[in-house]
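These are the residues of each chain, in order.
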Amino acid sequence: MIEAHALTKRYGDKTAVADLSFTVRPGAVTGFLGPNGAGKSTTMRMILGLDAPTAGHVTVNGKHYAAHRAPLHEVGAMLEARSVHTGRSAFHHLLSLAATTGIPRSRVEEVIDIVGLREAAGRRAGGFSLGMGQRLGIASALLGDPATLVLDEPVNGLDPEGILWIRNLLKRLAAEGRTVLVSSHLMSEMALTAEHLVVVGRGRLIADTSVEEFTRKAARNSVHVHTGETDRLRALLAGPDVVVTSQERGALEVTGLSGERIGRIAADNGIALAELTPRRASLEEAFMELTRDAVEYAAARPVPVGAADRNGTGGRAA
Ligand SMILES: Nc1ncnc2c1ncn2[C@@H]1O[C@H](COP(=O)(O)OP(=O)(O)OP(=O)(O)O)[C@@H](O)[C@H]1O
């Protein structure tokens, strides 16, 4: 269990994490989500005692990371900057890590099999691809057979097979009763991997909820309607929670009413419909909407790509 209490981190006058409180429970994968610069890595470093909070505190299984007698057995971690610049083989890299903490060679063999690096174990780890490096990072995190795992963007650089593999591995580790905190900026990936979500933006908590709840609340659904009588239908659909917009001639985008209800209203009033299509906002769209104000480096306005704005006219002819 990871418990953050009013965690705050400031670098000079930059607040990276602000008054952040959340609990990560065992037995489920918890996705730690937020746009770039939201404070995810900073929070993870504080969980692992690599950065000291300016205020507040965070515990792992009731104690600060550094207060654990054998931290590697308590918490396994993989942070984003994890390149292994080593001429050693993956096997010897893991063996030397194990040796410093009294972990037996048999456990090294075990983790190599868990992460599927058996064939590459004898190769120089410094020459690994990003995906293999991720597997090696996860192997290191698992060495101490820890009850808690903290992984920063573990799917970065993985191919679809690798992504599926890590998704299943994380679920299995959680099903074994471990606490698993995984950061990502990809909502769609977390929706498939995590059961619980902690969402941050500009260092602040935006949501601490189950994936199911987040999906239900955040995904706004609309219905696309095609008809020759848009004006009449629009008037008939009007209601306090109904929003009707029109982007193209003969088409309406309706939120607040089901397709079935719209079809019934149209039929009752003799309006022929050429199309009635329910549209579900993707989780990615919902997540972006939720964190829109929290994106650190959002473009203020669209900038034409490749169209050099030499005369200050925003790319348009003067
Ligand atoms: N050592 C530091 N000194 C100054 N500012 C920092 C430092 N570390 C992080 N920051 C700032 O704190 C904010 C949060 O950064 P952090 O890396 O924790 O975000 P993140 O959510 O992990 O982002 P990303 O997804 O891009 O890794 C950013 O504005 C970042 O520039």
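Residues numbered from 1 in each chain as written. Predicted model: local features only at pLDDT ≥ 70, side-chain atom pairs only at ≥ 80, totals over all residues. Heavy atoms only, no water.

### A word on the nonpolar core
L94, V108, L117, I138 and L197 are the most contacted members of the largest nonpolar core, which totals 47 residues. Setting aside residues no more than four positions away along its own chain, L197 makes contact with G31, L33, M187, M190, A207, D208, T209, V211 and F214. Counting 22 residues, the second-largest nonpolar core is a separate cluster that includes L7, L48, V60 and V200. (Core = buried A, V, L, I, M, F, W, Y, C linked by side-chain atoms within 4.5 Å. Buried < 20%, exposed > 50% of the residue type's maximum accessible area, 1.4 Å probe, protein only. Contact = heavy atoms within 4.5 Å.)

### Examining the confidence of the model for the protein
Across the protein, pLDDT averages 86, with 88% of residues at or above 70. Within the model, the stretch residues 307-318 combines pLDDT values under 50 with six contacts to residues more than four positions away or in other chains. Overall fold confidence (pTM) sits at 0.78, and the ipTM for the predicted complex is 0.95. (pLDDT = per-residue confidence, 0-100.)

### With respect to the pattern of salt bridges
Under the counting rule described, the total for this entry stands at 12 salt bridges. Here D51 makes a salt bridge to K9, at a shortest N to O gap of 3.7 Å. With D51 in the loop between α1 (40-47) and β4 (55-60) and K9 in strand β1 (residues 2-11), this residue pair connects regions lying 42 residues apart in the sequence. Its relative accessible area of 17% is what places D51 among the buried residues. Residues E109 and R118 are paired through a salt bridge, measuring 3.0 Å at the closest nitrogen-oxygen approach. Through salt bridges with shared partners, one network takes in R107, E110, D145, E176 and R178. (Salt bridge = Lys/Arg side-chain N within 4 Å of Asp/Glu carboxyl O. Helix = DSSP H or I, 4+ residues; strand = E, 2+ residues; numbered from the N terminus.)

### Side note on the side chain of R178
Structurally, the position occupied by R178 is in the loop between α6 (160-175) and β7 (179-184). A polar contact is formed between the side chain of R178 and the side chain of D145, at a distance of 2.9 Å. Within the structure, the side chain of R178 is placed 2.8 Å from the backbone oxygen of P146, a separation counted as a polar contact. Beyond its immediate sequence surroundings of up to four residues, R178 is in contact with P26, G27, A28, D145, P146, A147, L149 and L173. (Polar contact = N/O pair within 3.5 Å; in protein donor to acceptor, adjacent residues only side chain to side chain.)

### Quick word on the pairing of β7
Counting buried residues in β7 gives six out of six residues, a clear majority hidden from the surface. One ladder, built from five bridges, connects strand β3 (residues 29-33) with β7; its direction is parallel. In the sheet register, V29 faces β7, and the bridge partner there is V180. Strand direction decides the pairing type here: strand β6 (residues 148-152) and β7, joined by five bridges, are parallel. Its bridge partner lying in β7, T148 is registered against T179. Between the parallel pair β6 and β7, the chain is carried across by α6, and the sense of this crossover is right-handed. (Pairing = 2+ DSSP bridges. Right-handed = clockwise from strand over helix to strand, strands pointing away.)

### A word on the environment of D51
Measuring from C-alpha to C-alpha, the distance between D51 and K9 comes to 8.7 Å, with 42 residues separating the pair along the chain. The residues contacting D51, other than those within four sequence positions of it, are K9, Y11, R45 and M46. For D51, the side chain forms a polar contact with the side chain of Y11, separated by 2.8 Å. Here the side chain of D51 touches R45 through a polar contact of 3.1 Å, side chain to side chain.

### Topic: the packing of aromatic side chains
Scanning the model with the defined rule gives one aromatic pair in all. Between the aromatic rings of F22 and F32, the centroid separation amounts to 5.7 Å while the plane-to-plane angle is 40 degrees, which identifies the pairing as tilted. With a gap of 10 residues between them, F22 in strand β2 (residues 14-24) and F32 in strand β3 connect regions that are remote in the sequence. R135 extends its terminal NZ or CZ atom over the ring of W165, reaching a point 4.2 Å from the ring centre. (Phe/Tyr/Trp six-rings, centres within 6.5 Å; stacked < 30°, edge-to-face > 60°. Lys NZ or Arg CZ within 6 Å of the ring centre and 35° of its normal.)

### Some details on the packing of helix α5 (residues 130-142) against α6
Relative to each other, α5 and α6 sit at 10 degrees, their axes nearing to 12 Å. As the angle between them shows, α5 and α6 are arranged roughly parallel. Together, R135, I138 and L142 of α5 and E161, G162, W165, I166, L169 and L173 of α6 make up the contact between the two elements. Grouping the amino acids of the contact of α5 with α6 by side-chain chemistry returns six nonpolar, one polar and two charged. (Axes fitted to C-alpha atoms, helices over the stretch in contact; angles between N-to-C directions. Parallel < 35°, antiparallel > 145°, perpendicular 65-115°, else oblique. Nonpolar A, V, L, I, M, F, W, Y, C, P; charged D, E, K, R; others polar.)

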